[in-house]
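# Secondary and tertiary structure notes
Listed below, chain by chain, are the residues.
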Amino acid sequence: MKNDAIRRVQDILARSFWQEEVRTCFALLGDANMNWAARLAEAGCRMVYVRHEHCALAAAMAYARKTRDVGVATVTCGPGVTQLITALPAAVRAHLPVVVFAGEAPLKSGWYNQEIDQAPLITATGAAYHRLHMPERMPVAVRDAFLQARRERRPVVVGVPFDLQARPWEGPETLPAPSHKLLPRPSPIPPHPDDVATAARLVAGAERVVVLAGLGAAEAGAGPACRALAAKTGGLLSTTLPARGLFHDDPFCIGISGSFTPEVGLEYLAQADLVIAVGCSLAYHAGGGGQLWRKAKMLHVDIDPVAVSQGQEVARNHLRADARLGVEALTAALPARKQGWRSEALAKRIRDSKPDSQVFEIEPGLLDPRDVVEALEKALPQDWEMVNSSGHCSWFFAQMPSRRQENFLTIREFGAIGNGTSFAMGVAAARPDSQVVLFDGDGSLLMHVQELETIKRHGLNILIIVMNDGAYGSEVHKLRSEGMPEEGSVFGYCDFAAVARGFGLAGQTFKSLDGLSQRVAEFAARGGAAVWDFHVSDKVLSPTIRRAHPQPAKEKSG
Ligand SMILES: Cc1ncc(C[n+]2csc(CCOP(=O)(O)OP(=O)(O)O)c2C)c(N)n1
Ligand SMILES: [Mg+2]
């Protein structure tokens, strides 16, 4: 018998999420969430039914980043909740607003096999956990969960015992106003004039300025202001990895700053005497652990400027302001335009240099990952949504300087592999009319390869590019550098084209780059999903690995 004759708590809970304007939910069902999920789906919410709970949450994270709204996922109690633990820390550190509807074990039972104390598990990751144990208050509690997720830009998990969900609803009919109607308008904060004057003196005295923008700058629409500041100081431009592409067409952009800095960027950052970091958290990796700009003073322009970040002293000069307003005020306060270190020759150098010029001897029949990326950079249409994943190969995939920031997503704050497919699914759900292209490693893709089925079933437009070195590249290079056996890090070349076909997707193996543009054109005409497997040599080491893990003499090449 269908149990919808009487109104139940789960009806109101589903309505509460609908009231919060949830129109997409990433879900994996079980006893403790399926009745709620069925009602949300009935209300008209698009449900993306994934094959692992981690992927539901990770997809919701990418969805949140892409839509600048709250991402929503749902999991059952116990084993559904424990699967969230790898994704949550990344969501916390990346400041992603996500709400997860989780079931909880029934309160009425003295014993339940899926029972586990969920709150400490969730709060250990830095996420918030709300126990919803008072049915009449649940609509307000859901609203409050969304309020917290939005205000603190943080994941919030709501746990609702499933016996309570099934109770008849005895509360009021009207729901509270949705969270976004209650939040104060976050107007951009202007800088204090005294701080602008101090910062302007610092900038005026510098000769070699780099303006480094992070996601905060992108979100504040500070890109043009940063370009103007760099132009007035005769300075160069750079971005953090997540903000890659903010200056994609500027001849004085030296690329990403951080672990993935290209050759030319390393050279110029080392000469900089002032780095103006705008709307970025100055995380450990963004400054190469303090190694990238050793000679430079730091000016941090941010709504929350910091002196110390992730264990390092990062900035002694601060301008507290919205990124755009702060940079505009600073530029206006500078005396006159200077030449700085800009020149035609420098622009040409940036334009002509390869991200990494080291020479390696590689095996016949295998590709150089740098050539793969260069060819893809030329061949892939400019309006495709790009998603970068993890692993050693991410150094290479990061080198696509012509791509615009609006079409780029990467979330790496917990350093986990295995997220690429989920992030791509989140982007595909957020931009259903766009083609998404995911760049992933073979190990990372295999970690959640079951999601190829989700991609197929939901008809998501995702082209997966696998940089297949037949190995956990990050591990094999480190083991080799220590003269250790490679066991456990080298697996051989998994046949991803066949794997893709097994899931009903198109699959193709690339051992040569000939005809790549043609393949791209054919795929673009069709759209949809496919897996393209590029067999690359594991003899090509990224500059980051070469610096941190020098190889034994016999392994050295070039
Ligand atoms: C969840 C998780 N498990 C293990 C690791 C350790 N790890 C870092 S990179 C990597 C290898 C990834 O292999 P692949 O995706 O093929 O990329 P590659 O490094 O080969 O380019 C591993 C196992 C991790 N970062 N995250
Ligand atoms: Mg690999």
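Remember, it's a predicted structure, so these values are computed and weren't measured experimentally. (Residues numbered from 1 in each chain as written. Chains lettered and ligands numbered in written order. Predicted model: local features only at pLDDT ≥ 70, side-chain atom pairs only at ≥ 80, totals over all residues. Heavy atoms only, no water.)

## Details of the side chain of Thr24
What counts, and what does not: Strands are runs of DSSP state E lasting at least 2 residues, helices are runs of H or I lasting at least 4, and numbering of each runs from the N terminus. Any pair of N or O atoms that falls within 3.5 Å is considered a polar contact. Within protein, one atom must be able to donate a hydrogen and the other to accept it, and sequence-neighbouring residues count only if both atoms are side-chain atoms. Between two residues, a contact is recorded if the distance between any of their heavy atoms is within 4.5 Å.
Locating Thr24 in the fold gives a position in strand β1 (residues 24-27). Only 2.8 Å separates the side chain of Thr24 from the side chain of Arg46, close enough to count as a polar contact. Within polar-contact distance, the side chain of Thr24 engages the side chain of Tyr63 at 3.2 Å. For Thr24, the contacting residues outside a window of four places in its chain are Cys45, Arg46, Val48, Tyr63, Val72 and Ala429.

## Brief notes about the site of ligand 1
Note the threshold: Residues are classed as near a molecule or strand on a simple rule: at least one heavy atom within 4 Å of it. Throughout, the Shrake-Rupley method with a 1.4 Å probe supplies accessible areas, and for residues the shown protein chains are the sole cover considered. Three residue categories are used. Nonpolar comprises Ala, Val, Leu, Ile, Met, Phe, Trp, Tyr, Cys and Pro, charged comprises Asp, Glu, Lys and Arg, and polar comprises the others, including Gly.
Residues in close proximity to ligand 1 total 16 residues, the closest being His392, Asp442, Gly443, Ser444 and Gly473. Take Ser444: an N or O atom from its main chain is 2.7 Å from an oxygen atom of ligand 1. At a separation of 2.6 Å, an oxygen atom of ligand 1 approaches a polar backbone atom of Gly473. Protein coverage of the free-state accessible area of ligand 1, which is 580 Å², stands at 79%. Elements with a contribution of two residues or more to the shell around ligand 1: α19 (442-447) and α21 (473-481). For the shell around ligand 1, a count of residues per class yields 5 nonpolar, 8 polar and 3 charged.

## Side note on empty space enclosed by the protein
Inclusion rule: A 1.4 Å probe that fits but cannot get out identifies a cavity on a 1 Å grid over protein atoms alone, an open set with protein on both sides within 12 Å along at least five of seven lines counts as a pocket, and a residue lines either if it has an atom within 4 Å of a point. Grid points are joined across faces, edges and corners, and a volume is the space filled by probe spheres set on the points.
One pass over the structure, following the stated rule, counts 2 cavities of 30 Å³ or more. Size it by volume and the largest cavity reaches roughly 50 Å³. Residue lining of the largest cavity: 13 residues in total, with Thr86, Ala90, Phe414, Ala416 and Asn419 positioned closest to the centre. Taken together, the elements giving at least two residues each to the lining of the largest cavity come down to α3 (53-67) and α5 (87-93). Considered class by class, the residues forming the lining of the largest cavity number 7 nonpolar, 4 polar and 2 charged. Computed from the structure, the second largest cavity encloses a volume of approximately 30 Å³.

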